[in-house]
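A closer look at the structure
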Amino acid sequence: MKIFNSHRQMRIHRQGVTLIELLISMVISVIVLLALSGVYISAKQSLKFQDTTGRMQEDAAYALEVMTRDVRMAGYAGCRGIDVLTVAGVPIYYPASMVDSMITNLKTASNPLASLSSLSADMSVTVQPLAPHNFLRGFDTLDIGLLPAAVTTDANSHALFFSNVSANSVATTSNTVASIDSLPIGADTYSWGSTARYYVVSDCYKSHTFLGQVGTIAGVSVISHDLVAGNTAASFSGNATYTAGATVAPLEWRYYFIAERTSAASSTPKSLYRKRFDGVSSLASEEVIANVEGLRFHYAENTGNDANGFPTYTADIWRTSAATVTDWSRVVAIRIGLMMIAPEDAADVESATTPTFSLLGSSYSVPTGASANRIRKEFSTTVVLRNRVPVRY
């Protein structure tokens, strides 16, 4: 009996698995693999989404930083903010058409202020381009003449224009005795050279904009403002002289907008562009950052005065378009809104097309076409115009 049982046990151990058991194990294996593949796909999509949104956030942060840094300089004019134009010895506020002339001449590379010369015989040495009501202006549509040849306009783009004195400034090293004297600057720190460009000289009492060129007198760098530089008069208005420490810097303009690189409006991502005037000529429009689909501006406008009749320069009302701004000299802050778009289709198309979007609180229409399935995200910031301060006498 013991021998029989032993052989029986051996036969049982040699039998292996049955077909049913094999099928069950295969089904279980497939279920496990499907579950693992689902986890893998989900993790891959999540990683791609995080990478995409992370890049969008980095690009938006860079774009807003560049714009914020530039806008904070709007209206900067050295020691004293420029707000008065003197014509024939009479101080007046600069004509409201000044910014329109700037925009028009920003399109040309030579003598961008030439069209203004008819306002005064000595305009080139007395022009004050940074009056409160004209050193900044917003636009609800783009000026086609300011766009690069390779890009097209876009309905989702507002535009912003502003002027200021460059942050690259120098100080005069000694007093001028007569209003025709060149401005001593010691050294040509920023390599401005002999090319004639528009400068602003300012102290805490007065300021002038003039065409100047760097030269040397007795081994010392100076900026001349005579007829050779292109001025129509060889002296500053009112026989003005400047003491050591006055600020001298080139006059600059900026124009921000978004546009497409090509005419393929339905599929080509848009970019944030900037066009600049550097004191010499209008530079070619430069791409700041890609994949910016929408650009909007809101404007904080001051509407009240203090007891003495001066503007209080507080944000009384936010205007949602340039057309609704009633007085540009009372705009005290700018709110910038960007709609960033992913450079490629979303990993999860359904989640990308479901949301409704808004930009600065207003509904945002997603363009149709190949880019409609891409991830979008709004970014915004508010910039106070720190140079918009009333002059107190």
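Presented here is a report on the structure given in the accompanying data block.

Thresholds, definitions, all that
- Residues numbered from 1 in each chain as written.
- Predicted model: local features only at pLDDT ≥ 70, side-chain atom pairs only at ≥ 80, totals over all residues.
- Heavy atoms only, no water.
- Salt bridge = Lys/Arg side-chain N within 4 Å of Asp/Glu carboxyl O.
- Helix = DSSP H or I, 4+ residues; strand = E, 2+ residues; numbered from the N terminus.
- Buried < 20%, exposed > 50% of the residue type's maximum accessible area, 1.4 Å probe, protein only.
- Phe/Tyr/Trp six-rings, centres within 6.5 Å; stacked < 30°, edge-to-face > 60°.
- Pairing = 2+ DSSP bridges.
- Axes fitted to C-alpha atoms, helices over the stretch in contact; angles between N-to-C directions.

**A short note on the pattern of salt bridges**
- Enumeration over the complete set of coordinates arrives at 9 salt bridges.
- A salt bridge links Arg69 to Glu65; the shortest N-O distance between them is 3.5 Å. Of this pair, Arg69 and Glu65 are both found in helix H2 (residues 19-71), 4 residues apart, which corresponds to roughly one turn of the helix.
- Glu65 gets classed as partly exposed once you look at its relative accessible area, which sits at 44%.
- Between Arg254 and Glu252 there is a salt bridge; the shortest N-O distance is 3.1 Å.
- Accessibility expressed as a relative area gives 10% for Arg254, which makes it buried.

**Let's talk about the packing of aromatic side chains**
- All chains considered together, the criterion is met by 13 aromatic pairs.
- Look at Phe162 and Tyr256: their rings are 6.3 Å apart centre to centre, the planes differ by 20 degrees, and that puts the pair in the stacked class. Here Tyr256 lies in strand E10 (residues 247-260) and Phe162 lies in strand E4 (residues 159-165), a separation of 94 residues in the sequence. Considered together, Phe162 and Tyr256 belong to a single accessibility category, that of buried residues.
- Aromatic side chains Tyr198 and Phe277 sit 6.4 Å apart centroid to centroid with 50 degrees between the ring planes, which places their arrangement in the tilted category.

**Digging into the sheet that holds strand E14 (residues 317-319)**
- Pairing is antiparallel in the open sheet, where 4 strands are placed in the order E14-E13-E15-E18. Edge positions in the sheet fall to E14 and strand E18 (376-384), since each of these pairs with one other strand and no more. Adjacent strand axes in the sheet meet at a mean angle of 20 degrees when their direction is disregarded.
- Alignment of strand E13 (residues 292-301) against E14, held across 3 bridges, turns out to be antiparallel. Looking at E14, one finds that Tyr299 is bridged to Arg319.

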